[in-house]
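Descriptive structure summary
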Amino acid sequence: MQPVPAKLTIGTVTIAPATVLAPMAGVTDTVFRRFIRNLGGCGLIMTEFTSADGVLRKKDQKAKRYLHFYEDEHPISAQLFGSDPQVMAEAARIVEDLGFDLVDLNLGCPAKKVVKCNGGSGLLRDLPAIDKIFAAVRAAVKIPFTVKFRAGWNDEEIVCVELARMAESCGLAAVALHARTREMGYSGNARWEWIAAIKDAVKIPVIGNGDIRTPEDACAMVTQTGCDAVMIGRTAPSNPWIFRQIQQYCAGMENAGAGNGHVGTAASGCPVERSSTGFSHGATRSAGRPTLSPTLRKHGNGAADVVSCLPRIRRCLRLNLIARSSRPRQISDHVA
Ligand SMILES: Cc1cc2nc3c(=O)[nH]c(=O)nc-3n(C[C@H](O)[C@H](O)[C@H](O)COP(=O)(O)O)c2cc1C
């Protein structure tokens, strides 16, 4: 088995280790992202998807909230969706001015509301339209521009390899594939062979996504597909230590490879030190298993589901954030 690479370079940005927190609407806000970042082991975090039209609307509070981040979140990527190349380009410029390290285009969202407006996975049926968006956004920003997409609309319309080639020839810096079609939604198994096919077709970095639940899964994806980084979505809220566990597991593999006789640590036994969290209500260590501090345990169901106690984590962290002097960047500062 191959370990997850220790780093990845996307354009000018170094991602170390080569693990990415997947964008998740309603989950990956600044509080959750910082929670993950402070636990350690996650190389890149991403905002939830944000409407490019919303970014341009001066009074859109939602877009403002989605693009709100703090200095300790670097490197961070902002994900946008939309179908108008000029609107996308202008929104990407604003994202760059806000200080994001990367900008990402969403071509994977299966939600009807988004698809109806030709956004998200809706565009997968119109490659010429995607080409125009790629060109407009690429010309608008200097920061690395990436795209996250699904394999196609359905099994009869698989476009992922063609799309990855298009991205490369338009100057995008990396691609990420959620290895399912739009029609699959979240059902069935992610088809990692599609990630391998993209990796064979392009030279820019390929980020693999879909169904990673354990460090072993992460290494299996790298081994089977050759991908340059792994992206993790749904596992993160239920096991926010997953990134750190992957890092420790891979360090163990490398030690074993170096003849130290030390094998990768099993996912369930991976310790997490309290000091790594950076805030007082975070993880503590209990008999080598990750668990939550008494404060969080009181409000949630042990370490099993951090999502259930997110509102309280948010409140704790907000106090922490208010105490800091750094002022959040606001879109309104940048919209004329
Ligand atoms: C609640 C939820 C919200 C999501 N929101 C987004 C999003 O805003 N942008 C995006 O590109 N993908 C989104 N996704 C898809 C994930 O980024 C990821 O591609 C998918 O969950 C597969 O990865 P996983 O098997 O590791 O969860 C979302 C997924 C979930 C479960």
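The structure presented is a predicted model; accordingly, all values stated were derived computationally and were not measured.

**Remarks on the site of the ligand**
- Near the ligand, the surroundings consist of 22 residues, among which Ala22, Phe49, His178, Gly233 and Arg234 are the closest.
- When grouped by side-chain class, the residues that make up the shell around the ligand number nine nonpolar, nine polar and four charged.

**Considering the pairing of strand β10 (residues 206–209)**
- Burial along β10 is two-sided: Val206 and Gly208 facing one way and Ile207 and Asn209 facing the other are all buried.
- Two strands pair when backbone bridges link them, and β10 and strand β11 (residues 229–232) are joined in this way by three bridges, in the parallel orientation. Looking across to β11, one finds that Gly208 is bridged to Val230.
- In this fold, the crossover linking β10 to β11 by way of helix α9 (residues 215–225) has right-handed handedness.

**What to know about the confidence of the model for the protein chain**
- Residues of the protein chain with pLDDT of at least 70 account for 76%, and the chain-wide mean is 83.
- Low pLDDT, under 50, characterises residues 266–304; the predicted model gives this stretch 70 contacts beyond four residues in sequence or across chains.
- Scored below 50 in pLDDT, residues 319–336 makes 23 contacts in the model with residues more than four places away or belonging to other chains.

**A few points about helix α4 (residues 85–98)**
- Here α4 is 14 residues long and its end C-alpha atoms lie 20 Å apart, about the 20 Å a rise of 1.5 Å per residue gives.
- Those residues of α4 that sit buried are Pro85, Met88, Glu90, Ala91, Ala92, Ile94, Val95 and Leu98.
- On its buried side, α4 packs onto α2 (52–56), β6 (76–81), β7 (102–107) and α6 (127–140).

Reading the values: rules and limits
- Residues numbered from 1 in each chain as written.
- Predicted model: local features only at pLDDT ≥ 70, side-chain atom pairs only at ≥ 80, totals over all residues.
- Near = placed C-beta within 6 Å.
- Nonpolar A, V, L, I, M, F, W, Y, C, P; charged D, E, K, R; others polar.
- Buried ≥ 20, exposed ≤ 12 C-beta atoms within 10 Å, placed from the backbone.
- Helix = DSSP H or I, 4+ residues; strand = E, 2+ residues; numbered from the N terminus.
- Pairing = 2+ DSSP bridges.
- Right-handed = clockwise from strand over helix to strand, strands pointing away.
- pLDDT = per-residue confidence, 0-100.
- Contact = placed C-beta atoms within 7 Å.
- Expected span 1.5 Å × (residues − 1).

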